[in-house]
Amino acid sequence: MRKLYFLTVAAAFFGLSASLTGCAISEAAKAEKQIRLERTAQSVEDSLNAKSFTVEVNYISPQRMQPRALTAGYRVIVREGKEIDSYLPFFGQVFRPEFGEQTGLNFKDKIVHYQSGMTKKGHYVVELSVRRSMETLIYRFEIFDNGRVSLMVRSDNRDTMDYTGELVI
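Parameters and conventions
Residues numbered from 1 in each chain as written. Predicted model: local features only at pLDDT ≥ 70, side-chain atom pairs only at ≥ 80, totals over all residues. Heavy atoms only, no water. Phe/Tyr/Trp six-rings, centres within 6.5 Å; stacked < 30°, edge-to-face > 60°. Helix = DSSP H or I, 4+ residues; strand = E, 2+ residues; numbered from the N terminus. Buried < 20%, exposed > 50% of the residue type's maximum accessible area, 1.4 Å probe, protein only. Lys NZ or Arg CZ within 6 Å of the ring centre and 35° of its normal. Contact = heavy atoms within 4.5 Å.

Visitor: How should I be thinking about the packing of aromatic side chains in this particular structure?
Guide: How two aromatic rings sit relative to each other is given by the distance of their centres and the angle of their planes. According to the stated counting rule, one finds 4 aromatic pairs in the structure shown. For the ring pair Phe53 and Phe141, a centre distance of 5.3 Å and an interplane angle of 90° mean the geometry is edge-to-face. On the criterion of sequence distance, the pair formed by Phe53 in strand β1 (residues 53–62) and Phe141 in strand β8 (residues 136–143) is long-range, its members being 88 residues apart. Accessibility assignment for this pair places Phe53 and Phe141 in one class, buried. Taking the centre distance of 5.3 Å and the plane angle of 15° together, the rings of Tyr74 and Tyr87 count as stacked. With Tyr74 in the loop between β2 (68–69) and β3 (75–79) and Tyr87 in strand β4 (residues 83–88), the pair connects residues that are 13 residues apart, well separated along the chain. Ring pairing ties together the aromatic residues Phe53, Phe107, Tyr139 and Phe141, which thus form one cluster. Between Arg158 and the ring centre of Phe90, over which it is positioned, the NZ or CZ distance is 4.9 Å.

Structure representation (structure tokens):
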């Protein structure tokens, strides 16, 4: 009887200590995750304040086709709010094709207009325009604190394209 009592007390003690250890580990993991999220949010804010950022695109939603995942390597680089390096796929209709080589959304050019701000919902919006030979392209980035990015590319000459990706931090 005494042995059974001892085993019951010992099992309860070990169960209690294991659950308290699990809580301590869980609290440490939550604190570490919170610190990581704060660092990411600060890096996002710093990139946008410098007007220099890179977006790696991994998903596309064409206007006239099914959405699809993209392979690695598609990106948009904005440098100091003055220059854009765009390497994006385009699946859609072009209303007035350019003469000569068709480059789609693969180009490096100067930014004509750059505007940024924060929405009421707490994410950043960057809108810039680029004047190409026969069209004006408008890139509208919605950037969230966790580094996720939603990009819409509008043109007066082609279908609108939507992309999603992540800010390179």
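Visitor: Teacher, can you tell me more about the side chain of Asp85 here?
Guide: Position of Asp85 among the secondary structure elements: in strand β4. Excluding its chain neighbours within four sequence positions, the residues that come into contact with Asp85 are Arg75, Val76, Ile77, Arg79, Phe107 and Lys108.

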